[in-house]
Amino acid sequence: QVQLVESGGGLVQAGGSLRLSCATSGRTFSDYAMGWFRQAPGKEREFVAGISRSGVGTYYLDSVKGRFTISRENAKNTVWLQMNSLKPEDTAVYYCAARAASGWYIIPNEYDYWGQGTQVTVSS
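This structure is a prediction, so every number in the text was calculated from the model and none was measured.

Draft legend 1. Representation of the sheet that holds strand β7 (residues 68–73). Here we have four strands laid out as an open sheet, ordered β1-β3-β8-β7, and antiparallel in their pairing. Two strands in the sheet have a free side with no partner beyond their single neighbour: β1 (3–7) and β7. Pairwise comparison of adjacent strand axes, ignoring direction, gives a mean angle of 15° for this sheet. By the bridge criterion, six bridges tie β7 to strand β8 (residues 78–83) in an arrangement that is antiparallel. Note that in β8 the partner of Thr 69 across the bridge is Gln 82.

Draft legend 2. View of the pattern of salt bridges. A complete count under the given rule lists four salt bridges for this structure. The partner of Arg 38 in a salt bridge is Asp 90, with the nearest N and O atoms 3.0 Å apart. Residue Arg 38 is located in strand β4 (residues 33–39), and its partner Asp 90 is located in the loop between β8 and β9 (92–99); the two are separated by 52 residues in the primary sequence. Under the relative-accessibility criterion, Arg 38 is labelled buried at 5%. Accessibility expressed as a relative area gives 1% for Asp 90, which makes it buried. Note that Lys 65 is salt-bridged to Asp 62, the shortest N-O span being 3.1 Å. A single network of salt bridges, built from pairs that share partners, joins Arg 38, Glu 46, Arg 67 and Asp 90.

Draft legend 3. View of a nonpolar patch on the surface. Taken together, the side chains of Trp 104, Ile 106 and Ile 107 present a nonpolar region at the surface, about 350 Å² in accessible area. Within the secondary structure layout, Trp 104 lies in the loop between β9 and β10 (113–114). Residue class for Trp 104 comes out exposed when judged on its relative accessible area of 60%.

Each value, and the rule that gives it
- Residues numbered from 1 in each chain as written.
- Predicted model: local features only at pLDDT ≥ 70, side-chain atom pairs only at ≥ 80, totals over all residues.
- Heavy atoms only, no water.
- Pairing = 2+ DSSP bridges.
- Helix = DSSP H or I, 4+ residues; strand = E, 2+ residues; numbered from the N terminus.
- Axes fitted to C-alpha atoms, helices over the stretch in contact; angles between N-to-C directions.
- Salt bridge = Lys/Arg side-chain N within 4 Å of Asp/Glu carboxyl O.
- Buried < 20%, exposed > 50% of the residue type's maximum accessible area, 1.4 Å probe, protein only.
- Patch = residues over 30% accessible without salt bridge, like charges linked within 9 Å, V, L, I, M, F, W, Y side chains within 5 Å.
- Areas by Shrake-Rupley, 256 points an atom, 1.4 Å probe, with all protein chains shown as cover.

This is how it looks when you write it as structure tokens:
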């Protein structure tokens, strides 16, 4: 069992910033690749960012490149998503996910564990 708890969501104006955190427990954090996904009302869950077990490899949805940064610190069992220059279209529930096996970052079904999500709302 792996527990993931997201925090840091909230309401911001367009152009603002938020930093989401995902705290993990229950397993060896460094064994898991990590991802952030989001789901807006009426939309499918979509990949936002992923990070390799070592933290060296990072991957992003095209529309967030240059604005969002994913990072991890294995000693703290934590992964972050720094979100800058937020836009109204970034509004969604953001989920942290963990994947033990090799796979593809962008596919939700590749992940083994999910957090409960944190709401991000960006106003115009």
